[in-house]
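Below are the chains, spelled out letter by letter.
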Amino acid sequence: MSESFADRECEACTSEEEPLTEDEYDEYVEQIDDGVWHIVDGHHLRGKYSVEDFRDALEFTYEIGELAEEEWHHPDIHLQWGEVTVEMWTHKIDGLHLTDFIMAARMDRIYEKYAPE
Ligand SMILES: C[C@H](O)[C@H](O)[C@H]1CNC2=NC(N)=NC(=O)C2=N1
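Model, not experiment: these values are computed from the prediction.

Parameters at a glance
- Residues numbered from 1 in each chain as written.
- Predicted model: local features only at pLDDT ≥ 70, side-chain atom pairs only at ≥ 80, totals over all residues.
- Heavy atoms only, no water.
- Near = heavy atom within 4 Å.
- Polar contact = N/O pair within 3.5 Å; in protein donor to acceptor, adjacent residues only side chain to side chain.
- Areas by Shrake-Rupley, 256 points an atom, 1.4 Å probe, with all protein chains shown as cover.
- Nonpolar A, V, L, I, M, F, W, Y, C, P; charged D, E, K, R; others polar.
- Core = buried A, V, L, I, M, F, W, Y, C linked by side-chain atoms within 4.5 Å.
- Buried < 20%, exposed > 50% of the residue type's maximum accessible area, 1.4 Å probe, protein only.
- Helix = DSSP H or I, 4+ residues; strand = E, 2+ residues; numbered from the N terminus.
- Contact = heavy atoms within 4.5 Å.
- Expected span 1.5 Å × (residues − 1).
- Arc of directions from axis to C-beta.
- Pairing = 2+ DSSP bridges.
- Phe/Tyr/Trp six-rings, centres within 6.5 Å; stacked < 30°, edge-to-face > 60°.
- Lys NZ or Arg CZ within 6 Å of the ring centre and 35° of its normal.

**Remarks on the site of the ligand**
The full set of residues close to the ligand is Trp72, His73, His74, Met88, Trp89, Thr90, His91 and Lys92. Within the side chain of His74, an N or O atom sits 2.8 Å from a nitrogen atom of the ligand. His91 is positioned such that a nitrogen or oxygen atom in its backbone is 3.0 Å from a nitrogen atom of the ligand. The fraction of the free accessible surface of the ligand (390 Å²) that becomes covered by protein chains is 71%. Grouping the constituent residues of the shell around the ligand by class yields three nonpolar, four polar and one charged.

Listed below in structure tokens is the structure:
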């Protein structure tokens, strides 16, 4: 079985790289296709996570932030009672990179302990 995206290393990207093509991101999104993530305008990933309340949203957001700092790859995060919405793309190339999908898979792994019963 191919290595899961959550276990892959984030690849540092350079501004010389091109954003992923539609064929590439349609293939990659299958690896994280869990009802959370969708591709928006071929430009970024949007993930909507349901959580119990505001406290869980805050704690989940903090853990995502720590991951972003570790990997030096940062999402936009919208935090509200019971839901955290994440938007992920690579600023340097103004589009999607493999790293964005790896980060999404890592966030899904963090989410496992925040998913409501
Ligand atoms: C200077 C530049 O912002 C940094 O190299 C990092 C910071 N975090 C980042 N996060 C994301 N999503 N894309 C980037 O290109 C990026 N670049």
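**Focus on the nonpolar core**
With 32 residues, the main nonpolar core has Ile32, Trp37, Leu45, Tyr49, Phe60, Phe101 and Met107 as its most contacted residues. Of all the secondary-structure elements, those providing two or more residues to this core are helix H1 (22-31), strand S2 (44-50), helix H2 (54-71), strand S4 (83-88) and helix H3 (98-111). With sequence-adjacent residues up to four places away left out, Trp37 is seen in contact with Ile32, Leu45, Arg46, Gly47, Tyr49, Val86, Met88, Ala104, Met107 and Asp108.

**Quick look at H2**
For H2, with 18 residues, the first-to-last C-alpha span of 26 Å sits near the 26 Å given by 1.5 Å per residue. Along H2, the positions that sit buried rather than exposed are Ala57, Phe60, Thr61, Ile64, Leu67 and Ala68. Down the axis of H2, the buried set is contained in an arc of 120°. They therefore lie on one face. Residues of H2 that are exposed and point more than 90 degrees away from the buried face comprise Arg55, Tyr62 and Glu70. Its side-chain oxygen 3.2 Å from the backbone nitrogen of Arg55, Asp53 forms the N-cap of H2. Downstream of H2 by one or two residues, Trp72 has phi in the positive range, about 55°.

**Points about the pairing of strand S1 (residues 37-40)**
In this structure, S1 lies alongside S2, joined through four bridges in antiparallel fashion. Opposite His38, over in S2, you have Arg46 as the bridge partner. The antiparallel hairpin formed by S1 and S2 contains three residues in its connecting segment, where Asp41 sits at a positive phi of about 50°.

**With respect to the packing of aromatic side chains**
Overall, the coordinates contain seven aromatic pairs when judged by the stated rule. Ring pairing ties together the aromatic residues Trp37, Tyr49, Phe60, Tyr111 and Tyr114, which thus form one cluster. Over the face of the ring belonging to Phe5 we find Arg8, whose NZ or CZ atom lies 5.2 Å from the ring centre.

**Considering unusual backbone geometry**
Notably, Trp72 is not glycine yet its phi reads approximately 55°, a positive angle. Looking at the element boundaries, Trp72 is found in the loop between H2 and strand S3 (76-80). You can call Trp72 exposed: its relative accessible area is 62%. The residue Asp94 is not glycine, and still its phi comes out positive at about 50°. Within the secondary structure, Asp94 is located in the loop between S4 and H3.

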